[in-house]
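# Structure assessment
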Amino acid sequence: MKEIFNVGETILLDGAPLALVTPDGVKAWIEDGVQHSLRYDQVRDPLSGQMKYRCLYEKDGSDMPFVLVGNPDSHEGAHVILFDQKPDA
């Protein structure tokens, strides 16, 4: 699974919808030479209430940012991957 555009729930960034991408999708972008950039923003984890970081990608040619999610075919589904600390980019 590379990119996911609708999993039944809308995730917003500054009021605008986000597309979803899995780690395998990002690997495919790299293998295909797709230009992209990444950044992190801080969000509140809905389960723990703690502040965490989510990874956002901007892909050349797409007007919509992508948020990194787990594989929808896994037992956890296409959940937003959150980091306790901001990873080195």
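The present account deals with the structure reproduced in this document. Here the structure is a predicted model, which is why all the values come from computation and not from measurement.

## Observations concerning the environment of His79
If you trace the backbone, His79 turns up in the loop between β7 (66-68) and β8 (82-83). Residue His79 is classed as partly exposed on the basis of its relative accessible area, which comes to 32%. Along the backbone, His79 and Leu20 are 59 residues apart, and their C-alpha atoms lie at a distance of 9.6 Å.

## Topic: the pattern of salt bridges
All told, the structure shown has four salt bridges when counted by the stated rule. Among the ionic pairs, Asp45 bridges to Lys52, the shortest N-O distance being 3.6 Å. On the accessibility criterion, Lys52 (16% relative accessible area) is buried. The shortest N-O distance in the salt bridge between Asp84 and Lys52 comes to 2.9 Å. Of this pair, Asp84 sits in the segment after β8 while Lys52 sits in strand β6 (residues 51-59), and the two are 32 residues apart along the sequence. Salt bridges sharing common partners tie together Asp45, Lys52 and Asp84.

## Some remarks on the pairing of strand β5 (residues 36-44)
Sheet analysis places β5 next to β6, joined by nine bridges and oriented antiparallel. Each residue of the ladder has a partner; that of Ser37, found in β6, is Glu58.

## Considering the packing of aromatic side chains
Counted according to the given criterion, the structure contains three aromatic pairs. For the pair Trp29 and Tyr57, a centre-to-centre distance of 6.0 Å together with 80° between the ring planes defines the contact as edge-to-face. Taken together, the residues span a long stretch of sequence, with Trp29 in helix α1 (residues 23-32) and Tyr57 in strand β6 at a distance of 28 residues. Overall, the relative accessible area of 4% leaves Trp29 in the buried class. Judged by its relative accessible area of 8%, Tyr57 falls in the buried class. Look at Tyr40 and Phe83: their rings are 5.9 Å apart centre to centre, the planes differ by 85°, and that puts the pair in the edge-to-face class. Separated by 43 residues along the polypeptide, Tyr40 in strand β5 and Phe83 in strand β8 bring together distant segments of the chain. The class for Tyr40 is buried, based on a relative accessible area of 18%.

Analysis parameters
Residues numbered from 1 in each chain as written. Predicted model: local features only at pLDDT ≥ 70, side-chain atom pairs only at ≥ 80, totals over all residues. Heavy atoms only, no water. Helix = DSSP H or I, 4+ residues; strand = E, 2+ residues; numbered from the N terminus. Buried < 20%, exposed > 50% of the residue type's maximum accessible area, 1.4 Å probe, protein only. Salt bridge = Lys/Arg side-chain N within 4 Å of Asp/Glu carboxyl O. Pairing = 2+ DSSP bridges. Phe/Tyr/Trp six-rings, centres within 6.5 Å; stacked < 30°, edge-to-face > 60°.

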